[in-house]
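So the chains spell out like this:
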Amino acid sequence: IEAAAIACKNAPPEAQQLSTDRQKIEVAESVIKGIEQTTEVQRTEALVSFIKSLESGIREEIRLRSQDVIAEISSDIQDMWATLHPDEAIEHVELYAPEGVDKAIDIGLTFHGVQQNSPRLTLSEGYRNSLGLAIFLALAKREEDNDRPLFLDDVVVSLDRQHRGMIGELLERDFSGRQVLMLTHDRQWYTELRHQLDSKRWGFKALLPYE
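All of these numbers come straight from a predicted model, not from anything done at the bench.

Caption draft 1: Fine view of the sheet that holds strand β1 (residues 90–96). As summarised here, the arrangement of the three strands in space is β1-β2-β3, forming an open sheet in which the pairing is antiparallel. Each edge of the open sheet carries a strand with a single partner, namely β1 and β3 (114–116). Averaged over all pairs of adjacent strands, the angle between strand axes in this sheet comes to 15 degrees, irrespective of strand direction. As paired elements, β1 and strand β2 (residues 106–111) share five bridges and run antiparallel to each other. The partner of I90 across the bridge, within β2, is F111.

So this is what it looks like as structure tokens:
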């Protein structure tokens, strides 16, 4: 063991040089690998940055398009609301996207001159149902080019006689070219509609016990 230890200490210069050169080669290989890894990391970071920029652009485009669509629907809602509730103190009914909330739409309006961010605590049941009808019809109006039928089932449950008549006027004005099927349990409204709507374009059928 002692002889081996002495022999190792007195190794020929060539062997020592080979060991040193081997260490240099290993360092060089690690440096090259490090450069390749750094380049790959930079490429990955650039790709991630591009994807984020692309996502941001798409989200902004969706946001702007959504605002345009919401504005168009709100315009129809306001027009229909004005027809259903003429000369009333509820105005500027519109849809809007709340700030800081993702994927949400709420309803705003002016109630007796006071801006309301939501009608849930302000409007009566009749007004809320009327507002829901206006929103539904505004959305349905956007599908008029697809010629899809429109179904209305007992939409006058909580509306008085005056406002019921406005529904017939609204349907006659904005949906005379669409196939509309209305169902009602209210015999009085059924009778009023028969007199209000043009019998040449509207058909009526009473089921028992009305017959």
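After that view of the structure, there is still more to cover.
Caption draft 2: Just a nonpolar patch on the surface, in detail. On the surface, L47, F50, I51, L54, I58 and I62 cluster together to form a nonpolar patch covering roughly 590 Å² of accessible area. Mapped onto the fold, I58 is located in helix α2 (residues 13–84).

Caption draft 3: Molecular detail of the pairing of strand β4 (residues 150–153). Burial along β4 is one-sided: L150 and L152 are buried, and none of F151 and D153, which face the opposite way, are. In terms of strand pairing, β4 meets strand β5 (residues 180–183) through four bridges, oriented parallel. Residue pairing across strands places L152 opposite M182, the latter belonging to β5. What joins β4 to β5 is helix α4 (residues 161–174), and the crossover it makes is right-handed.

Caption draft 4: Local environment of the nonpolar core. Core analysis: the biggest nonpolar cluster contains 35 residues, and I77, V93, L131, L137, I167 and F175 have the highest contact counts within it. Broken down by secondary-structure element, the contributors of at least two residues to this core are α2, β1, β2, α3 (125–141), β4, α4 and α5 (187–196). With residues near it in sequence (within four places) discarded, V93 still touches S74, I77, Q78, W81, I107, G108, L109 and L131.

Caption draft 5: Highlighting the pattern of salt bridges. Evaluation of the coordinates by the stated rule reveals ten salt bridges. For R173, the salt bridge identified is with D79, shortest N-O distance 2.9 Å. With R173 in helix α4 and D79 in helix α2, the pair connects residues that are 94 residues apart, well separated along the chain. With relative accessibility at 39%, the residue R173 sits in the partly exposed group. Note that R164 is salt-bridged to D186, the shortest N-O span being 2.3 Å. With R164 in helix α4 and D186 in the loop between β5 and α5, the pair connects residues that are 22 residues apart, well separated along the chain. Note on accessibility: R164 and D186 belong to one class, buried. Several salt bridges share partner residues, and in doing so they unite D79, R173 and D174 into one network.

Definitions and limits used
- One numbering rule holds for all chains: residues counted from 1, following each sequence as written.
- Where totals are concerned, whole chains, interfaces and linings use all residues; where local detail is concerned, this predicted model gives features only for residues with pLDDT of at least 70, and gives and counts side-chain atom pairs only at 80 or more.
- Only hydrogens and water are removed before side-chain values are computed, so all heavy atoms of the structure are retained for them.
- Note on pairing: two strands pair once DSSP finds at least 2 bridges between them.
- Helical segments are the DSSP runs of H or I of at least four residues, strand segments are the runs of E of at least two, and each set is numbered from the N terminus.
- Working convention: axes come from line fits to C-alpha atoms, limited for helices to the stretch in contact. Angles between N-to-C directions cover 0 to 180 degrees.
- Like-charged residues within 9 Å of one another, or nonpolar side chains (Val, Leu, Ile, Met, Phe, Trp, Tyr) within 5 Å, are grouped into patches, provided each residue has over 30% relative accessible area and no salt bridge.
- Each accessible area is a Shrake-Rupley result for a 1.4 Å probe, and residues are judged covered by the shown protein chains and nothing else.
- Throughout this description, the term salt bridge denotes a Lys or Arg side-chain nitrogen within 4 Å of a carboxyl oxygen of Asp or Glu.
- Exposure categories follow from relative accessible area, calculated using a 1.4 Å probe and restricted to protein chains: below 20% of the type maximum is buried, above 50% is exposed, and the middle band is partly exposed.
- By convention, orient the strands away from the viewer: a clockwise path from the first strand over the helix to the second makes the crossover right-handed.
- To form a nonpolar core, buried Ala, Val, Leu, Ile, Met, Phe, Trp, Tyr and Cys residues must be joined to one another through side-chain atoms within 4.5 Å.
- Note on definitions: a residue-residue contact is assigned when non-hydrogen atoms from the two residues lie within 4.5 Å.

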